[in-house]
Amino acid sequence: TRCSKSLFNGPCGGSSGGKCEISPDVDCGWQLIIDRMKSIGRLDQLRKNAPPKNWSSARHGGPRKTVLEEHKLS
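Residues numbered from 1 in each chain as written. Predicted model: local features only at pLDDT ≥ 70, side-chain atom pairs only at ≥ 80, totals over all residues. Heavy atoms only, no water.

A. How the structure looks around helix H1 (residues 29–39). What H1 keeps buried is the set Gly 29, Trp 30 and Met 37. Angular distribution of buried residues about the axis of H1 spans 95°; they occupy a single face of the element. The exposed residues of H1 that point more than 90 degrees off its buried face are Lys 38 and Ser 39. Positioned one or two residues after H1, Gly 41 has a phi angle of 70°, which is positive. (Buried < 20%, exposed > 50% of the residue type's maximum accessible area, 1.4 Å probe, protein only. Helix = DSSP H or I, 4+ residues; strand = E, 2+ residues; numbered from the N terminus. Arc of directions from axis to C-beta.)

Here you go:
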């Protein structure tokens, strides 16, 4: 989606008036999807559950980790 927060499962609840909470100049990506689905008569498709995404082949390096300096092994 065009979500500024990269949300996969719908709006965050922080949008207002169709704009993202990040900036009033940025449209909420999920609001755009909802409006489009409504206009083509397919809003019911958003109620279907999508299977979980398999992130094992993602190339972003995996989950973020914070390791405190004093916990690192030398």
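B. Spotlight on the pattern of salt bridges. Within the structure shown, the criterion is met by two salt bridges. In this structure, Lys 5 engages Glu 21 in a salt bridge whose closest nitrogen and oxygen atoms are separated by 2.1 Å. Of this pair, Lys 5 sits in the segment before H1 while Glu 21 sits in the segment before H1, placing them 16 residues apart in sequence. By relative accessible area, Lys 5 is classed as partly exposed at 35%. Its salt-bridge partner being Asp 27, residue Lys 19 comes within 2.6 Å of it at the nearest N-O pair. Residue Asp 27 is classed as partly exposed on the basis of its relative accessible area, which comes to 36%. (Salt bridge = Lys/Arg side-chain N within 4 Å of Asp/Glu carboxyl O.)

Purely geometric stuff here, so don't read any function into it on its own.
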